[in-house]
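Read off the chains here:
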Amino acid sequence: MSTEHATAKAAAHSKQDHGLSEKGLKAGSVGLIGAVVIGVSCIAPAYTLTAALGPTVSEVGVHLPAIFLVGFLPMLLVAFGYRELNNAMPDAGTSFTWASRAFGPWIGWMGGWGLIAATIIVLSNLAAVAVDFFYLMLAQLFGNPELADLTTNLPLNIATTLVFIALACWISYRGMETTKTVQYVLVAFQLLVLGWFAVAAFSHVANGTAFDATAIAPDWFNPFAVESFSAFAAGVSLSIFIYWGWDVTLTMNEETRNPEKTPGRAATVTVLVIVIIYMTVALSTLAFAGVGTEGLGAGNPENQGSIFAVLAGPVMGPFAILMSLAILSSSAASLQSTFVSPARTLLSMGHYKALPHKFGKISPSYKSPSYATIASAVAAAVFYVVTRTLSENALWDTITALGMMICFYYGITALACVWFFRAQAFSGAHSFFFKFLAPLLGGVILLVMFFKTAYDSMDPEYGSGSSVGGLGLVFILGMGVILLGAVLMLIMAKLRPEFFKGQVLTRGN
Amino acid sequence: MRYVVGYSANARGRDAVNLAVSLARGRGASLDLVVAIPDAGPFNAAHAPAAGYDSYLHQQAGEWLDEALALIPADVPAKAHVRSGESDAQTLIEACDEFQADMLIIGATSSGLFKRFTVGSVASALLHAATVPVALAPHGYHRRDALTRVSCGLGSRAGAEKLLDFAVSMAVNREVPLRVVSLLTLDAGDSDEAADAAREYANKHLAAALPADSSGAAPAAKADVVVAQGRSVEEAVDRLDWEDGEILLIGSSRLARSRSIFLGSTANRILRALPVPMIVVPSDYELKHLNQSPSSDTSREAQA
């Protein structure tokens, strides 16, 4: 518990193993409902739906429900592996640390980079979505539709987005956290509004006032009816994104009142809640708007970036402002909490000498990863400015690139689990399934999706159809980020070679 | 005697350590350095498990404490602790309970550029909830020798007796002179009359607080009574002369919950103008110890 003055001074050189701390979280604070709220808030369904529904429809059309269901499978498989790794080596560096321990420094570095890139991309997308709905809400509030168009004013849009990013960064830097009450309210409100949207859309269909009433067909649930493997792969990598964050429920242990049972139950309940809400909203959207490429159609490229921004008004009428509020609040809350992820991974990489020392700094006043948090904000801001300037539909393209990036680092993480636990793979049914088979399947599926999407995205017509030098913008963004990571890795290997010689994080058990 | 020091690895933390060394030296107290780290809030979960970050924080806090212990001279016994809780203030208050501390010492400043005391958020939270006297080190406090004088800021409100008791015994035990300070904000016109009234009030209470047998408490008999006037409290504070080794004691506002500190607006303004450290004593703090210990030993801080 405490160290005598004299002994502490004597032991000043051996900085490890302090024994100073009363270690650990105060157990038992989170029950089943709390854990489900945490899970749902990490997924942020209102935000993921508005961001991913359009791009997914553009890939798979009416088979959206099928893809949303299928997309959960690799997430589930990978999450099993994630949980095993987290139990064996709990570390803030997650994918970075685990992949380094399994495959050595180079793949580990790239795994960490993939995680950081994915979270940076989602930060910029979250901020952009928040800004869209911020202006939309202003328009709805003052009954002046021109206000909503302010978000299409490029300089104003970029400036507002940067302000949102800076604010969230500041809150995160100060170590402020969303409280339990706020999180409960946000989650309940999101689910309520999404439910309202679905009911309103279905009643329009029933009353014959829908934009393009489309009868729900069993075929919509058949993933094999998707016309091509390319569309299937793109759809799955997008739907990975909509379940991203669900794995958090599985990795909660000490925080829960009953660590044996709560995480598993919470994960199950969370995914049921999420699948029900996704299915209802997806079906109601398709039934109301169809997949046509004109007007309100879910296939209209104009609507892809943020589907609810377009549909909430016609569907919910004057209550559309609730949707704006739900998405604005959930994306703002996610924006702030998501800052924690890249910051902690960067911190961990700094700590293990895979990045310059200053990334490992912890603020003495706020106890947050100070340098890493600011670095994440700068990166998210730069990424947004670049995408917004280059792309005709930045939201759409970033979400597609993001899906790719998640497949990349989750794939590496899952295979890291298989390799790390290879000695135990056949030591029992439980180990075989959770440490070997599930992560192996999940990892392979995700990496196949990654390579397929990456290959397809070279087509200049891919995604929103933006391109640079004859290559699709999604490819440029995705591969550019990975390439940038590889270059930085080589520079780091020159500057701080210890990590890359495997002297800091050793392989194996 | 144990003092808890709320340490952070920055200038504010070093101010606190210097003040703690100074206070401990006059009294032979031991120090418990505490770094407060936040509990990982599960409701802020993102794509990074909390457990891993926690271990980095503990390790970092341990390194900070090593540095802090190295700042403390060998004649002052000190221990280091890492404690976690929902807020820094709450954590420090719990640490005071755990170690049965007689005082909590913190650096009070945030990055105040123009004022010596710009109360930081942790300090301000502590002043609203602490149940032990809280010593606030001003920005850039570097003195580490024992105190040379105790000042006691006296208001006209109830509770002055207990504060004076505390001040008298603190001065007696540390063998330093006591000065009773009345801060008046006045227009020039009626100042003399008010000053006389304040002086009379202070003298009356001082007489009651001083040990009846003053032969055994020679230093305390040297108590001065000073009335400082100014258009504002800040001006009154500025007009007083302050020794380098001085400390100002003030009582918390009577708005406070029993036995906890609530800094009144006057005290807050004093804090902003004051060049020396200040100790804020909770409203009923003395009473509790008075009931347990006889005669004029009014608190453990005051015990011989």
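Residues numbered from 1 in each chain as written. Chains lettered and ligands numbered in written order. Predicted model: local features only at pLDDT ≥ 70, side-chain atom pairs only at ≥ 80, totals over all residues.

Undergrad: For the overall build of chain A, give the residues involved together with the corresponding values.
TA: Of regular secondary structure, chain A possesses 21 helices and three strands. Taken against the 2.2 N^0.38 rule, which gives 23 Å for 509 residues, the C-alpha radius of gyration of chain A at 23 Å falls within 12% of a compact globule. When the backbone C-alpha atoms are referred to their principal axes, chain A occupies close to 80 × 50 × 50 Å. Burial status across chain A gives 59% buried among its 509 residues. In chain A, of all internal contacts separated by at least 6 residues, the share reaching a separation of at least 24 is 78%. (Helix = DSSP H or I, 4+ residues; strand = E, 2+ residues; numbered from the N terminus. Rg over C-alpha atoms; globule rule 2.2 N^0.38 Å. Buried ≥ 20, exposed ≤ 12 C-beta atoms within 10 Å, placed from the backbone. Contact = placed C-beta atoms within 7 Å.)

Undergrad: I'd like to hear about the overall build of chain B, residue by residue, with values.
TA: Helix and strand counts for chain B stand at nine helices and 10 strands. For chain B, contacts bridging at least 24 residues in sequence account for 76% of all contacts bridging at least 6.

Undergrad: Outline helix α9 (residues 154-173) of chain A, listing residues and values.
TA: Within an α-helix, residues lying three or four positions from one another point in the same direction, as the helix has 3.6 residues per turn. Residue and element names in this part refer to chain A. Relative to the 28 Å expected for 20 residues at 1.5 Å per residue, α9 spans 28 Å between its end C-alpha atoms, a close match to the ideal helical length. Residues of α9 that are buried: Thr160, Thr161, Phe164, Ile165, Ala168, Cys169, Ser172 and Tyr173. Buried residues in α9 make contact with α7 (105-142), α15 (320-338), α16 (340-351) and α17 (370-390). Within two residues after α9, Gly175 carries a phi angle of roughly 75°, on the positive side. (Expected span 1.5 Å × (residues − 1).)

Undergrad: Residue-level account of the confidence of the model for chain B, with values.
TA: All names here are of chain B. Considering every residue of chain B, the mean pLDDT works out to 77; 72% of them sit at 70 or more. By mean pLDDT, the top-scoring element of chain B is strand β1 (residues 2-6) (94), and the lowest-scoring one is helix α9 (residues 285-292) (46). Predicted confidence for residues 112-116 stays below pLDDT 50, and this span has eight contacts to residues more than four positions away or in other chains. Between residues 214-220, whose pLDDT stays under 50, and residues either more than four places distant or in other chains, the model counts 15 contacts. The complex model carries a pTM of 0.85, and its ipTM stands at 0.81. (pLDDT = per-residue confidence, 0-100.)

Undergrad: Would you mind going over helix α5 (residues 72-88) of chain A in detail, with residue names and values included?
TA: The terminal C-alpha atoms of α5 of chain A lie 24 Å apart, and with 17 residues this matches the ideal 24 Å at 1.5 Å per residue to within 8%. In terms of residue burial, α5 of chain A counts as a mostly covered element, since 13 of its 17 residues are buried.

Undergrad: Break down the pairing of strand β6 (residues 149-154) of chain B for me, with residues and values.
TA: Residues and elements named next belong to chain B. Here β6 lies mainly inside the structure; six of its six residues are buried. The two faces of β6 match: Arg149, Ser151 and Gly153 on one face and Val150, Cys152 and Leu154 on the other face are all buried. As paired strands, β6 and strand β9 (residues 246-251) are joined by four bridges and run parallel to one another. When the sheet's bridge partners are listed, Ser151 is paired in β9 with Leu248. (Pairing = 2+ DSSP bridges.)

Undergrad: I'd love a proper account of the pairing of strand β4 (residues 103-107) of chain B, names of residues and values included.
TA: The side chains of a regular strand alternate, residue by residue, between the two faces of the sheet. Residue and element names in this part refer to chain B. Burial analysis of β4 places five of its five residues in the buried class, which makes it a mostly covered element. Here β4 shows two buried faces, one formed by Met103, Ile105 and Gly107 and the other by Leu104 and Ile106. Sheet topology places β1 next to β4; three bridges connect them, and they run parallel. Within the sheet, the bridge partner assigned to Tyr3 lies in β4 and is Met103.

Undergrad: Lay out unusual backbone geometry with the relevant residues and their values.
TA: Residue and element names in this part refer to chain A. Non-glycine residue Thr94 carries a positive phi angle of around 35°. Mapping Thr94 onto the fold places it in the loop between α5 and α6 (95-103). Despite not being glycine, Lys367 has its phi angle at roughly 60°, a positive value. Tracing the chain through its elements places Lys367 in the loop between α16 and α17. Owing to 20 C-beta atoms within 10 Å, Lys367 belongs among the buried residues under this scheme.

Undergrad: An account of the packing of helix α3 (residues 45-60) of chain A against helix α14 (residues 307-316) of chain A is needed here, citing residue identities and associated values.
TA: Residues and elements named next belong to chain A. One way to put it is that α3 packs onto α14 with a least axis distance of 8 Å and a crossing angle of 100°. It follows that α3 is roughly perpendicular to α14 by the angle criterion. The residues of α14 that touch α3, namely those facing Thr50, Leu53 and Gly54, are Ile307, Phe308 and Ala309. (Axes fitted to C-alpha atoms, helices over the stretch in contact; angles between N-to-C directions. Parallel < 35°, antiparallel > 145°, perpendicular 65-115°, else oblique.)

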